[in-house]
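Coordinate inspection notes
These are the residues of each chain, in order.
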Amino acid sequence: MSTRDEIVEFIHHETHLMNAERYDEWLGLLHEDFEYLMPMPVLRDDPAQPRHSERSLLAWESVSSLTLRFERILTDFAWADRPPAFHRRHLTAVRVAETDQPHRLAVSADEIVFRSRVPEGSTITSALREDIVDVSGEPRLVRRTVLLDVDRPDLAQIALLY
Amino acid sequence: MPELTVSVDDRFDVPRAYFADAGVWRQELEKVFRHSWLLVGHESEVPAPGDYVTRKMGTDEVILVRTEAGELQVLLNACTHRGTLLCKADIGNSSHFRCGYHGWTFGNDGTLRGVPRGRELYGKDFDKSSLGLRAARVSSFHGLVFATFDTELCSLAEYLGDMAFYLECMLGVSAAGTDAPYGSFRFTHLGNWKLEADNLAGDGYHLRHAHRAGFEMGLMGAQAGAVEGVCVQFEHGHALRAQRTAVDDDQPRAFPGYPEDRWPEIEQQLSPEQARMFAHSTVVHGLVYPNMAFVHTPRAGGFDAGETDAAMLQVRLFNPLGVNETEELNWLVTPADYPEEWKLSAFKTMQRQHGATAFFESDDLENFRRMLQVNGGVETGHQVPANFDLARDVAPFTPWFDGPGSVVGADISEVNQRWFYRTYLAAMEDRA
Ligand code: FES
Ligand SMILES: [Fe+2]
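This one's a predicted model, so the numbers in the text were calculated from it and none came from an experiment. (Residues numbered from 1 in each chain as written. Chains lettered and ligands numbered in written order. Predicted model: local features only at pLDDT ≥ 70, side-chain atom pairs only at ≥ 80, totals over all residues. Heavy atoms only, no water.)

To continue, consider the overall build of chain B. Counting secondary structure elements, chain B contains 14 helices and 20 strands. By the compact-globule yardstick of 22 Å for 432 residues, chain B fits well, its C-alpha radius of gyration being 23 Å. Structurally, chain B occupies a C-alpha span of about 80 × 60 × 35 Å along its principal axes. Across the 432 residues in chain B, those meeting the buried criterion constitute 60%. In chain B, 68% of the contacts between residues at least 6 apart in sequence involve partners at least 24 apart. (Helix = DSSP H or I, 4+ residues; strand = E, 2+ residues; numbered from the N terminus. Rg over C-alpha atoms; globule rule 2.2 N^0.38 Å. Buried < 20%, exposed > 50% of the residue type's maximum accessible area, 1.4 Å probe, protein only. Contact = heavy atoms within 4.5 Å.)

On to unusual backbone geometry, then. A negative phi holds for most residues other than glycine; trans holds for most peptide bonds. Residues and elements named next belong to chain A. Cis rather than trans, the peptide bond between R82 and P83 has omega equal to -10°. Cis rather than trans, the peptide bond between V118 and P119 has omega equal to 0°. Note on placement: P119 falls in the loop between β4 (104–117) and β5 (121–134). For A93, which is not a glycine, the phi torsion comes out positive at approximately 50°. Mapped onto the fold, A93 is located in strand β3 (residues 86–98). Notably, H103 is not glycine yet its phi reads approximately 65°, a positive angle.

Residues and elements named next belong to chain B. Within the open sheet, the eight strands sit side by side as β12-β18-β17-β16-β15-β14-β13-β20. Their pairing is antiparallel. With partners counted over all chains shown, the strands left at the sheet margins are β12 (184–190) and β20 (406–408), one partner each. Adjacent strand axes in the sheet meet at a mean angle of 15°, parallel and antiparallel pairs treated alike. Summarising the sheet, strand β13 (residues 228–233) and β20 pair through three bridges and their orientation is antiparallel. Residue pairing in the sheet places Q233 in a bridge with S406 of β20. Against the sheet, helix α11 (residues 340–354) contacts β12, β16 (292–297), β17 (312–320) and β18 (325–332), and its axis sits at roughly 45° relative to β17. (Pairing = 2+ DSSP bridges. Axes fitted to C-alpha atoms, helices over the stretch in contact; angles between N-to-C directions.)

Attention shifts here to the pairing of strand β1 (residues 38–42) of chain B. Residue and element names in this part refer to chain B. The element β1 is extensively covered by neighbouring structure, given that five of its five residues are classed as buried. Looking at chain direction, β1 and strand β10 (residues 144–148) are connected through four bridges and run antiparallel. The partner of H42 across the bridge, within β10, is L144.

Another point: the domain arrangement of chain B. Residues and elements named next belong to chain B. As far as domains go, chain B holds domain 1 (38–140) and domain 2 (161–430). In this structure, domain 1 and domain 2 have C-alpha centres spaced 34 Å apart. Each side of the interface is counted separately: domain 1 has 14 residues, and domain 2 has 18 residues. In total, domain 1 and domain 2 occlude about 1,100 Å² of area from one another, counting both sides; carbon and sulfur atoms represent 58% of this. Counting the contacts that link domain 1 with domain 2 gives one salt bridge. Residue R186 is joined to D90 by a salt bridge in which the shortest nitrogen-to-oxygen separation is 3.3 Å. Viewed at the interface, domain 2 and domain 1 are joined by nine residue pairs in polar contact (both at pLDDT 80 or more). Looking at the side of domain 1 that touches domain 2, the elements that each hand over two or more residues are β1 and β2 (51–57). (Domains from an automatic or database assignment. Buried area = accessible area lost by both parts, 1.4 Å probe. Salt bridge = Lys/Arg side-chain N within 4 Å of Asp/Glu carboxyl O. Polar contact = N/O pair within 3.5 Å; in protein donor to acceptor, adjacent residues only side chain to side chain.)

Next up on the list: the coordination of the iron ion (ligand 2). All names here are of chain B. Coordination of the iron ion (ligand 2) by the protein comes from H206 (NE2), H211 (NE2), D364 (OD) and D364 (OD), over a distance range of 2.1 to 2.3 Å. Counting gaps between the donor residues of the iron ion (ligand 2) yields the pattern H-x4-H-x152-D. With H211 in the loop between α7 (207–210) and α8 (212–216) and D364 in helix α12 (residues 359–375), this pair connects stretches of sequence that are 153 residues apart. Take H211: its relative accessible area is 3%, and that puts it in the buried class. Residue classification places D364 among the buried residues on the basis of a relative accessible area of 5%. (Donors = N, O, S within 2.8 Å, 3.2 Å for Na, K, Ca; no water.)

Quick look at the pairing of strand β9 (residues 137–141) of chain B now. Residues and elements named next belong to chain B. Where β9 lies against β10, five bridges are found, and the strand directions are antiparallel. For V138, the partnering residue across the bridge sits in β10 and is A147. Hairpin connection from β9 to β10: two residues lie between these consecutive antiparallel strands, with H142 at a positive phi of about 45°.

All names here are of chain B. Core analysis: the largest hydrophobic core is formed by 146 residues, its most contacted members being Y258, F294 and Y424. Ranked by residues supplied to this core, first place goes to helix α5 (residues 163–171) with eight residues. Viewed by domain, this core spans two of them, domain 1 (38–140) and domain 2 (161–430), each represented by three or more residues. In this view, F294 contacts M163, L167, M170, L240, V284, H285, G286, L287, V288, L313, Q314 and V315; residues no more than four positions away in its chain are not counted. Grouped together as the second largest cluster of nonpolar side chains are 15 residues, V65, L75, C99 and F106 included. (Core = buried A, V, L, I, M, F, W, Y, C linked by side-chain atoms within 4.5 Å.)

The structure is reproduced here in structure tokens:
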């Protein structure tokens, strides 16, 4: 069983690989059942109601769909990524908690994602990232849910991975 | 209304100002959007009395609501007192809408119900009945809800006209009707709305280049082998493009992507010519003029092993927030009574291939926004950027079905784009 410090380090490493575009290595940190979910932000009148939809997911990726996503970037025809965007994820307040499942930890982090690309300009997007990490062996990401702090997302904010 | 005669020799230009000038955008809203039936949502988004979603018709804020009596209403989302936005949420349920400024209260049918201290301050002859919210004409087509504030415009059925033949192929396969099981997806992006209309109306030419990565990675399914297709134009500016697969009349008809036990129902729901058209099409996409598009792919598979084979129908709406910015809404539309896992598989395909975050879609949107970068140029402004000459002289092939509309036997052609811009320019230049 990993210590909390090791899990925090794992999350920082994983985020660093994404920032460095070392996607093959990043894929290696995913559990085979990995799911990447981005629920649609929803404006409801009542502040007690959830701010994100439970059924409408803007993104729902798996290991195989992410693998294709990264393979595409390597082809000569990934027009939306040629030239590539500048992007960087900044993490803060990484928290580790038990879950009711053995060998599964809940990790959350506050995240700021910076992205810049002509002609869309620069966007700074804040999000809450909620992960489930499997710690039965080497730590592996089992699920990542991205809760955007944006009520009307622009494509420039959602077209990259958090 | 321009005549429905799309001559292949019909040469015309679309000046760059139409994609760059904010004044053009205001005129479009007046001349095109105000006089069209506009998609506002799907009936399943507001199933119960009081359910509402807020939407835009062009730049007008509206509320799509199911009244206490169960009727669908589309109300202008602006208080009739001082005109402030009435309902600020995206979604909710309420028997009434109360204005945050002076507290006027409207029933969800739009009638003005309450005016704080009304009798005392406005007198006993104050006529509340003339101060209800403005209601649009509302009409549904297989679950899709359309609205218009134009009282002169023909009925929705007449507006869709022969396009209904093809829309029914996708929306009418189940006797139980349609569903939008995952709600709506809303996001903004850079780019002029007409480029998206143009692309989705019938651009078969860009596929092999803009989406080349998709072909190279083997993601294009039956489209990769498809060689022939049709472009179809309809009155009021609508257009559709369909690619076909091989047709073997000795084989029983199949509907790839649909559960096999539902095939007899599809045959029953559609006319024989509709079934023939639909069964042998790979991708079908098109434009319901001016700003609704759809993409249907028969064989999908959300890229994961062991997934249910499910066809995908995405309905898209693009509202111009300005000459350079578009607000887009997407829905997955499915037969209402199909299994959950079928809907889920279709949903994954939609989001991974054609959704806002999908890598496939990103290459289209990249092209739309790159036009902005050159719009400011003076020399560029004098250059007419739009060439629509494609497939003026290709030998037509005979379509595999007998369907209505102006059916042109050419898969890769700009005949649909010419038709879209001709209809659009006629409205803009008051020739409609
Ligand atoms: S503006 Fe709505 S009550 Fe005055
Ligand atoms: Fe495309």
